[in-house]
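Listed below, chain by chain, are the residues.
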Amino acid sequence: MATAQLTASSISGRSLPSFEGIRPCSVKFASTGAGHVRFPGVNQRSFRGLVVKAATVVAPKYTSIKPLGDRVLVKIKTAEEKTEGGILLPTTAQTKPQGGEVVAVGEGRTVGKAKLDVSVKTGSQVVYSKYAGTEVEFNGAKHLILKDDDIVGILETEDVKDLKPLNDRVLIKVAEAEEKTAGGLLLTEASKEKPSIGTVIAVGPGPLDEEGNRKPLSVSPGNTVLYSKYAGNDFKGKDGDYIALRASDVIAVLS
């Protein structure tokens, strides 16, 4: 049986903070599948189809979850119950979060001859890739077990421009979409083409080579870049739109 001892690689279910005032959802799902989540400030793309990801419920007799290898246990941030204008949202209209707090980490992994620790620590506030990981309900709260590489970055504030990308991720401030066509016609929001040009704000330390060393990325903060459409994770910042994506999704540097 699992123990209740809290270590760097395990988390006691009894020690998880309670959520006073959070209204639980009365809807239960019995199967698992792909899902879509949201972090405060995240601006989701339009849904081409809503897919619900249900959580596996861990029985109360188990008091801890210890992720293995390079996996991380994240306590999912609860969905907002009100819009920015103060309108109370019904449960069916709430968007699932896309970030949370790291509550346990695995022992790391071996690359070549190097033993590498997980790149985040317990207590970190992180943003992770859509559809990543396995969702579990533990001690009355939703959690996600995912790989270290599925974590986009660390975000300790409410402003996405403060995101610290991890591994090969790049944070880009998106250029504003053109509001007129070449013929001078004004475009509506729905018809504006998604911009694929932006300015690099921050970059991760780079991917790992076969010996466990970091390979620096080919782009730097301040670069204006062209990137693949529909790649990465979209965010709504206080001063505009942002996107976090892998460096391999950056097509070219513009100058």
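It should be emphasised that the depicted structure is a prediction, and the values quoted were computed from it without experimental measurement.

1. Some remarks on the environment of Glu189
And then number 1: Checked against the element boundaries, Glu189 lands in the loop between strand 13 (169-174) and strand 14 (197-203).
And then number 2: The spatial distance from the C-alpha of Glu189 to the C-alpha of Glu179 is 8.4 Å, given a sequence separation of 10 residues.

2. With respect to the sheet that holds strand 17 (residues 240-246)
And then number 1: As summarised here, the arrangement of the 6 strands in space is 16-17-13-14-15-18, forming an open sheet in which the pairing is antiparallel. A strand with exactly one partner marks an edge of an open sheet, and here the two such strands are strand 16 (233-237) and strand 18 (250-254). Across the sheet, the axes of successive neighbouring strands diverge by a mean angle of 40°, strand direction being ignored.
And then number 2: In this structure, strand 14 lies alongside strand 15 (residues 224-227), joined through 3 bridges in antiparallel fashion. Bridging from a neighbouring strand, Thr199 pairs with Thr224 of strand 15.

3. Concerning unusual backbone geometry
And then number 1: A positive phi angle is found at Asn167, which is not glycine, with a value near 55°.
And then number 2: Among the secondary structure elements, Asn167 is positioned in the loop between strand 12 (164-165) and strand 13.
And then number 3: On the basis of relative accessibility, which here comes to 9%, the residue Asn167 falls in the buried class.

4. Here we look at the sheet that holds strand 11 (residues 151-154)
Paired through backbone hydrogen bonds, the strands of a sheet run either parallel or antiparallel to each other.
And then number 1: Spatially, 2-9-10-4-5-8-11-12 is the arrangement adopted by the 8 strands of the open sheet, whose pairing is mixed. This sheet does not close on itself; its edge strands, each paired only once, are strand 2 (56-57) and strand 12.
And then number 2: Taken together, the 2 bridges between strand 11 and strand 12 define a ladder with antiparallel strand orientation. Across the sheet, Gly153 pairs through a bridge with Pro165, a residue of strand 12.

5. Considering the nonpolar core
And then number 1: Judged by nonpolar contacts, the single largest core of 15 residues is most densely connected at Val72, Val74, Val102, Val120, Val126, Leu146 and Ile151.
And then number 2: Counting residues per element, the ones that place at least two in this core are strand 4 (71-76), strand 5 (99-105), strand 8 (125-128), strand 10 (141-147) and strand 11.
And then number 3: What Ile151 contacts, discounting residues up to four positions off in sequence, is Val72, Val120, Val126, Val127, Tyr128, Leu146, Leu166 and Arg169.
And then number 4: Ile172, Leu217, Tyr227 and Val250 belong to the second largest nonpolar core, which has 13 residues in total.

6. Quick word on the confidence of the model for the protein
And then number 1: A residue-level look at the protein finds 72% of positions with pLDDT of 70 or above and a mean pLDDT of 77.
And then number 2: For residues 1-39, every residue scores under 50 in pLDDT, and the model assigns this stretch 94 contacts once sequence neighbours within four places are set aside.
And then number 3: Long-range and interchain partners of residues 44-52, a stretch whose pLDDT sits below 50, account for 20 contacts in this model, where long-range means more than four residues apart.

7. Observations concerning the pattern of salt bridges
And then number 1: On inspection of all chains with the given rule, the structure shows 6 salt bridges.
And then number 2: Note that Arg246 and Asp149 form a salt bridge whose closest N and O atoms lie 2.8 Å from each other. One end of the pair, Arg246, is in strand 17; the other, Asp149, is in the loop between strand 10 and strand 11, with 97 residues separating them in the sequence.
And then number 3: Look at Arg246 and you get partly exposed, because its relative accessible area is 25%.
And then number 4: For Asp149, a relative accessible area of 33% puts it in the partly exposed group.
And then number 5: A salt bridge links Asp241 to Lys236; the nearest nitrogen and oxygen atoms lie 3.3 Å apart.
And then number 6: For Asp241, a relative accessible area of 30% translates into the label partly exposed.
And then number 7: Overall, Lys236 belongs to the partly exposed group, its relative accessible area being 46%.

8. A closer look at the packing of aromatic side chains
And then number 1: Applying the stated rule across the entire model yields 0 aromatic pairs.
And then number 2: We note Lys173 situated over the ring of Tyr242; from NZ or CZ to the ring centre the distance is 5.9 Å.

9. Points about the environment of Ile65
And then number 1: Tracing the backbone through its elements, the reader meets Ile65 in strand 3 (residues 64-65).
And then number 2: When its relative accessible area of 12% is taken as the criterion, Ile65 is described as buried.

10. Regarding the side chain of Gln98
And then number 1: In this structure, Gln98 sits in the loop between strand 4 and strand 5.
And then number 2: Within the structure, the side chain of Gln98 is placed 3.3 Å from the backbone oxygen of Tyr128, a separation counted as a polar contact.

What counts and how
- Residues numbered from 1 in each chain as written.
- Predicted model: local features only at pLDDT ≥ 70, side-chain atom pairs only at ≥ 80, totals over all residues.
- Heavy atoms only, no water.
- Helix = DSSP H or I, 4+ residues; strand = E, 2+ residues; numbered from the N terminus.
- Pairing = 2+ DSSP bridges.
- Axes fitted to C-alpha atoms, helices over the stretch in contact; angles between N-to-C directions.
- Buried < 20%, exposed > 50% of the residue type's maximum accessible area, 1.4 Å probe, protein only.
- Core = buried A, V, L, I, M, F, W, Y, C linked by side-chain atoms within 4.5 Å.
- Contact = heavy atoms within 4.5 Å.
- pLDDT = per-residue confidence, 0-100.
- Salt bridge = Lys/Arg side-chain N within 4 Å of Asp/Glu carboxyl O.
- Phe/Tyr/Trp six-rings, centres within 6.5 Å; stacked < 30°, edge-to-face > 60°.
- Lys NZ or Arg CZ within 6 Å of the ring centre and 35° of its normal.
- Polar contact = N/O pair within 3.5 Å; in protein donor to acceptor, adjacent residues only side chain to side chain.

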